Amino acid sequence: MLQGRRIRLKGWQQAAVAVGSAFGALMDPRRADLIAALGETTGKPAFERVLERMKNNPEGRAMLLERPRVISANVGHAWDLPENTFGAAYARFMGSRNFSPDDRPPVRFMETEELAYVAMRAREVHDFWHTLFDLPTNLIGESALKVIEFEQMYLPMCLLSVVGGTARFNEKQRALFFKHYLPWATRAGMQCTDLMCIYYEQHFHEDLDVVSKRWGITPAPAPPK
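This one's a predicted model, so the numbers in the text were calculated from it and none came from an experiment.

Once that is clear, we can look at the UniProt feature "binding site: Zn(2+)" (unreviewed entry) in the chain. Under the UniProt annotation, "binding site: Zn(2+)" (unreviewed entry) lies at His126, Asp127, His130 and Glu142. For the residues just named, distributed over 17 residues, the greatest C-alpha separation is only 10.5 Å, placing them together at one site. On the secondary structure map, histidine 126 appears in helix α8 (residues 126-133). Beyond its immediate stretch of four places on either side in the chain, histidine 126 contacts Arg104, Glu142, Leu145, Lys146 and Glu149. By the element assignment, histidine 130 lies in helix α8.

A separate point is unusual backbone geometry. At arginine 67, a residue that is not glycine, the phi angle is positive and equals roughly 50°. Tracing the backbone through its elements, the reader meets arginine 67 in the loop between α4 (58-66) and α5 (72-75). Of note, the phi angle at tyrosine 154 is positive, near 55°, even though the residue is not glycine. Inspection of the secondary structure assignment puts tyrosine 154 in the loop between α9 (139-153) and α10 (156-167).

Our next topic: the packing of aromatic side chains. Counted according to the given criterion, the structure contains 15 aromatic pairs. Consider the rings of tyrosine 90 and phenylalanine 128, whose centres lie 4.8 Å apart with planes at 65°: the pair is edge-to-face. In this pair, tyrosine 90 is assigned in helix α6 (residues 86-96) and phenylalanine 128 in helix α8, connecting sequence segments 38 residues apart. In terms of burial, tyrosine 90 and phenylalanine 128 fall into one category: buried. Ring centres of tyrosine 200 and tryptophan 215 lie 5.7 Å apart, and the angle between their planes is 80°; this geometry places the pair in the edge-to-face category. Of this pair, tyrosine 200 sits in the loop between α11 (171-191) and α12 (208-214) while tryptophan 215 sits in the segment after α12, and the two are 15 residues apart along the sequence. Judged by relative accessible area, tyrosine 200 falls into the buried class, the value being 0%. An aromatic cluster is present here, built from Trp79, Phe86, Tyr90, Phe128, Tyr200, Phe204 and Trp215 joined pairwise through their rings.

Applying the stated criterion across every chain yields a total of ten salt bridges. Of the charged contacts in the structure, one is a salt bridge between lysine 44 and glutamate 48, with a shortest N-O distance of 3.9 Å. Highlighted residues: lysine 44 and glutamate 48, both in helix α3 (residues 44-55), separated by four residues, approximately one helical turn. The partner of lysine 44 in a salt bridge is glutamate 111, and the shortest N-O contact between them spans 2.9 Å. Of the two residues, lysine 44 sits in helix α3 while glutamate 111 sits in the loop between α6 and α7 (113-124), which places them 67 residues apart along the sequence. Look at lysine 44 and you get partly exposed, because its relative accessible area is 28%. Among the charged side chains, a salt-bridge network with shared partners connects Lys44, Glu48 and Glu111.

Criteria and cut-off values
- Residues numbered from 1 in each chain as written.
- Predicted model: local features only at pLDDT ≥ 70, side-chain atom pairs only at ≥ 80, totals over all residues.
- Heavy atoms only, no water.
- UniProt positions renumbered as here; feature names shortened; annotations may be inferred.
- Helix = DSSP H or I, 4+ residues; strand = E, 2+ residues; numbered from the N terminus.
- Contact = heavy atoms within 4.5 Å.
- Phe/Tyr/Trp six-rings, centres within 6.5 Å; stacked < 30°, edge-to-face > 60°.
- Buried < 20%, exposed > 50% of the residue type's maximum accessible area, 1.4 Å probe, protein only.
- Salt bridge = Lys/Arg side-chain N within 4 Å of Asp/Glu carboxyl O.

Here it is as structure tokens:
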């Protein structure tokens, strides 16, 4: 399904995969495959709501019709765009970390192709959101972005990821997250536009500050000195 093999699960099997994935992801948050499985097996109602929102939005409908994928073949031109553009900012974010847009695991546990696409899209726009909110990819940055993702999609996996992430904080990180990043992320996720209904690739050529303002993006706070 979306370049992966579709796996049909019975109710008890779905629960077993969810529990196993949650436990494994808590033990090793770097396991993107486990986090993806957890999101799929616990997130069907959330993805269904996102799907309905996309159907009622012009850009959302265009994405459902065209099903763009965030892969190198489709977004490689971002590296050639002017420095001030959203696309160039995304390219800098990816290039500075040696990330590839092709590294996302396939969707395996969604019941329909439409829901599978929504789940894949949610996975693939993650780095666009990092770029827009100017969040690092360390434990604090990822946990803060999961708060925003929860505010946008209400995926249970996002809350579980925050719990798992904060459990690994040291005392200084925990104080910084709960005092500065959690309140900001909660507000930022609620105040911005519906981020799942943006056809980001069509806005690569636009100025980063312009699209950020249009979409109601509140950048991450600078860490206190």
